[in-house]
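Descriptive structure summary
Chain residues, written in single-letter form:
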Amino acid sequence: MLDTIIYHNPRCSKSRATLGLLEKKGVDVTIIKYLETPPSKEELKYILNQLGLEPRQLMRKHEKEYRENKLADESLSRDDLIEAMITFPKIIERPIVVKDGKVAVGRPPENVLAIL
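Nothing here was measured: the structure is a model prediction, and the numbers come from that model.

Attention now goes to the environment of Thr37. Within the element layout of this structure, Thr37 appears in the loop between strand S2 (29-33) and helix H2 (41-51). On the basis of relative accessibility, which here comes to 48%, the residue Thr37 falls in the partly exposed class. Along the sequence, Thr37 and Pro89 sit 52 residues apart, while their C-alpha atoms lie 8.7 Å from each other.

Below is the structure:
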């Protein structure tokens, strides 16, 4: 069985609730504090593909980094936006859970139950 990974921000209540839910279910979780260790380009592409989303759909558009770096600019490519997510990980929606090749965003935390 593959590891279960949570891209986690301990300051986020939804992220903490999702981690708590996983632990309550007895899931052994590898915690990646993505603000300190952002996902790689390949990891982000995998996450986006598994979720069937484009980068902007997994971005926190109200964050100042999103606005200041003009990430709403429609001329930016998918790769440009993925690079921005790596450079400014605060704009990545959280938490993201990866288990056995499946991916879920814990908003609400119960969303992750579908991949357990």
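On to the side chain of Thr4. Here Thr4 lies in strand S1 (residues 4-8). A distance of 3.4 Å separates a polar atom in the side chain of Thr4 from a polar atom in the side chain of Lys99.

Next up on the list: the pairing of strand S4 (residues 102-105). Here strand S3 (residues 96-99) runs beside S4; their pairing, made up of four bridges, is antiparallel. If you follow Ile96 over to S4, its bridge partner there is Val105. Between S3 and S4, which pair antiparallel one after the other, the connecting turn spans two residues, and Asp100 there sits at a positive phi close to 50°.

Helix length check: helix H1 (residues 13-24) (twelve residues) gives 16 Å between terminal C-alpha atoms against 16 Å at 1.5 Å per residue, within 8%. Considered for burial, the residues of H1 that qualify are Ser15, Thr18, Leu19, Leu21 and Leu22. One side of H1 holds all its buried residues, which, seen down the axis, span an arc of 160°. Residues of H1 that are buried in the fold lie against S1, S2 and S3. Following H1 by one or two positions, Gly26 adopts a phi angle in the positive range, close to 80°.

This paragraph deals with the side chain of Glu65. Mapped onto the elements, Glu65 comes out in helix H3 (residues 64-68). The side chain of Glu65 sits in the buried core without any salt bridge; Lys90 is the nearest counter-charge, 4.3 Å away. Dropping the residues within four chain positions of it, Glu65 is found in contact with Leu71, Phe88, Lys90 and Ile91.

This part is about H2. The set of residues buried in H2 consists of Leu44, Ile47 and Leu48. The buried side chains of H2 occupy one side of the element, clustering within an arc of 95° when seen end-on. Turned more than 90 degrees off the buried face of H2, the exposed positions are Glu42 and Asn49.

Here the structure, examined in full by the defined rule, presents eight salt bridges. A salt bridge links Glu54 to Arg78; the nearest nitrogen and oxygen atoms lie 3.0 Å apart. Residue Glu54 is located in the loop between H2 and H3, and its partner Arg78 is located in helix H4 (residues 78-87); the two are separated by 24 residues in the primary sequence. Given the relative accessible area of 42%, Glu54 is considered partly exposed. By relative accessible area, Arg78 is classed as partly exposed at 27%. Notably, a salt bridge pairs Glu63 with Lys90, separated by 3.7 Å at the nearest N-O pair. Of the two residues, Glu63 sits in the loop between H2 and H3 while Lys90 sits in the loop between H4 and S3, which places them 27 residues apart along the sequence. Exposure remark for Glu63: the relative accessible area of 9% places this residue in the buried category.

The rules behind these values
- Residues numbered from 1 in each chain as written.
- Predicted model: local features only at pLDDT ≥ 70, side-chain atom pairs only at ≥ 80, totals over all residues.
- Heavy atoms only, no water.
- Helix = DSSP H or I, 4+ residues; strand = E, 2+ residues; numbered from the N terminus.
- Buried < 20%, exposed > 50% of the residue type's maximum accessible area, 1.4 Å probe, protein only.
- Polar contact = N/O pair within 3.5 Å; in protein donor to acceptor, adjacent residues only side chain to side chain.
- Pairing = 2+ DSSP bridges.
- Expected span 1.5 Å × (residues − 1).
- Arc of directions from axis to C-beta.
- Contact = heavy atoms within 4.5 Å.
- Lys, Arg positive; Asp, Glu negative; His and termini not counted.
- Salt bridge = Lys/Arg side-chain N within 4 Å of Asp/Glu carboxyl O.

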